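Given next are the chains, with one letter for each unit.
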Amino acid sequence: MQAGVDHHAIVKSLVWKDETATQLFAAALSAQAALRNCYIELHGELGAGKTTLVRHLLQALGVTGRVKSPTYSLLEPYQLTHTPSSPTPLQIWHFDFYRFNDPREWEDAGFRDIFASVGLKLAEWPDKAAAFVPRADLVLRIEVQPDNARQVQLVAQTPIGAELLAAISA
Ligand SMILES: Nc1ncnc2c1ncn2[C@@H]1O[C@H](COP(=O)(O)OP(=O)(O)OP(=O)(O)O)[C@@H](O)[C@H]1O
Ligand SMILES: [Mg+2]
């Protein structure tokens, strides 16, 4: 049992033995309709593989350009006219709150409006903006193992998260 996990939360554990495994997970996730309006948090140390997962997910969804790490910009937005699972547009926001330190920026940069918008919100280092981010639908905790594989814990915290998790085979 882990402290802080919602009593009703649904938890799954996975191992990504290499980056190809991360890519396969991203492909499976990209096919989920619930992804079109959700907030996913990515926890894990520097180099755990958070941006790598986002990159594979966005590519699986059809982003063709470079997927940059938003470490300095805090946010990289994407807009897809269609995705493999749907012909309707999809708005995506990839946050990295590692360097978030000015609370005023939350309002000024429009982050509040973004989290209130329909679309896919992904955040690295959400703890750095814990006072502002809403409750995530799905929380991923990525840990580097001694053999360089990634141990991943997935926690669904809402019905949307539960729907996403249900489609993921542990
Ligand atoms: N499943 C995996 N197995 C082995 N190596 C992986 C795996 N996933 C990612 N990697 C490698 O680990 C590194 C992860 O870097 P990445 O930028 O994704 O980390 P990050 O968690 O976003 O770090 P930061 O907190 O600095 O943003 C990359 O070099 C990537 O190739
Ligand atoms: Mg990163």
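Data block above holds the structure.
Because the structure is predicted, anything quoted here is derived from the model rather than measured.

Enquirer: Pulling in residues and values, what's your account of the nonpolar core?
Expert: The biggest cluster of nonpolar side chains holds 34 residues, and the ones touching the most others in it are Ile40 and Leu140. With five residues, helix α2 (residues 50–61) is the largest single contributor of residues to this core. Residues within four places of Ile40 in sequence aside, it is in contact with Leu29, Leu35, Leu120, Lys121, Leu122, Ala123, Leu138, Leu140 and Leu164.

Enquirer: How would you summarise the coordination of the magnesium ion (ligand 2) if you had to cite specific residues and measurements?
Expert: Only Thr51 (OG1) and Glu124 (OE) from the protein coordinate the magnesium ion (ligand 2), and they sit 2.0 to 2.1 Å from it. One end of the pair, Thr51, is in helix α2; the other, Glu124, is in strand β5 (residues 120–124), with 73 residues separating them in the sequence. What makes Thr51 buried here is its relative accessible area of 14%. Exposure remark for Glu124: the relative accessible area of 3% places this residue in the buried category.

Enquirer: Could you give an account of the packing of aromatic side chains, naming the residues involved and the relevant values?
Expert: The geometry of an aromatic ring pair is captured by the separation of the ring centres together with the interplanar angle, meaning the angle of the planes. In total, this model carries 14 aromatic pairs according to the counting rule given. A centroid spacing of 5.2 Å and a plane angle of 25° characterise the contact between Trp106 and Phe132, whose relative ring orientation is stacked. Placement of the pair is Trp106 in helix α3 (residues 103–108) and Phe132 in the loop between β5 and β6 (138–144), with a sequence separation of 26 residues. Grouped by ring-pair contacts, the aromatic residues Tyr39, Phe95, Phe97, Phe100, Trp106, Phe111, Phe115 and Phe132 constitute a single cluster.

Enquirer: Describe the site of ligand 1, with residues and values.
Expert: Around ligand 1, the surrounding shell holds 17 residues, and the nearest of these are Glu19, Lys50, Thr51, Thr52 and Trp125. Residue Asp18 places a main-chain N or O atom 3.1 Å away from a nitrogen atom belonging to ligand 1. One nitrogen or oxygen atom from the side chain of Glu19 is found 2.7 Å from an oxygen atom belonging to ligand 1. Compared with its free state, where it exposes 650 Å², ligand 1 has 73% of that area covered by protein. Its residues assigned to classes, the shell around ligand 1 comprises four nonpolar, six polar and seven charged.

Enquirer: Tell me about the pattern of salt bridges, and name the residues and values.
Expert: Tallying each qualifying case throughout the model produces four salt bridges. Among the ionic pairs, Asp18 bridges to Lys17, the shortest N-O distance being 3.1 Å. According to the relative accessible area criterion, Lys17 is exposed, its value standing at 62%.

Scoring rules and cut-offs
Per chain, residue numbering runs from 1 following the sequence as it is written. To read the labels, note that chains go from A and ligands from 1, taken in the order they are written. Owing to the predicted nature of the model, reporting of local features is limited to residues with pLDDT of at least 70; listing and counting of side-chain atom pairs is limited to 80 or more, with chain, interface and lining totals taken over all residues. Heavy atoms from the whole structure form the basis of all side-chain values; hydrogens and water molecules are not counted. Residues enter a nonpolar core if they are buried and are Ala, Val, Leu, Ile, Met, Phe, Trp, Tyr or Cys, with the set joined through side-chain atoms within 4.5 Å. For every residue, the accessible area (1.4 Å probe, protein chains only) is compared with the maximum for its type, and the residue is labelled buried under 20%, exposed over 50%, or partly exposed between those bounds. Working definition: helices are DSSP H or I runs of at least four residues, strands are E runs of at least two. Numbering for both runs from the N terminus. Only heavy atoms enter the contact rule, under which two residues are in contact if any of them lie within 4.5 Å. Each metal site lists N, O and S donors within 2.8 Å (3.2 Å for Na, K and Ca). With water left out of the atoms, a site can look as if it is missing ligands. The aromatic pairing rule takes the rings of Phe, Tyr and Trp, using the six-membered ring of Trp, and pairs them if the centres are within 6.5 Å, calling planes under 30 degrees apart stacked, those over 60 edge-to-face and the rest tilted. One heavy atom within 4 Å of a molecule or strand makes the whole residue count as near it. Here a polar contact is recorded for every N or O atom pair within 3.5 Å, except that within protein the pair must consist of a potential hydrogen donor and a potential acceptor, and residues adjacent in sequence are included only if both atoms are side-chain atoms. Calculation of accessible area relied on Shrake-Rupley with a 1.4 Å probe; when residues are assessed, cover is drawn exclusively from the protein chains displayed. Each residue gets one label: Ala, Val, Leu, Ile, Met, Phe, Trp, Tyr, Cys and Pro are nonpolar, Asp, Glu, Lys and Arg are charged, and the others, such as Gly, are polar. Any carboxyl oxygen of Asp or Glu within 4 Å of a side-chain nitrogen of Lys or Arg constitutes a salt bridge here.

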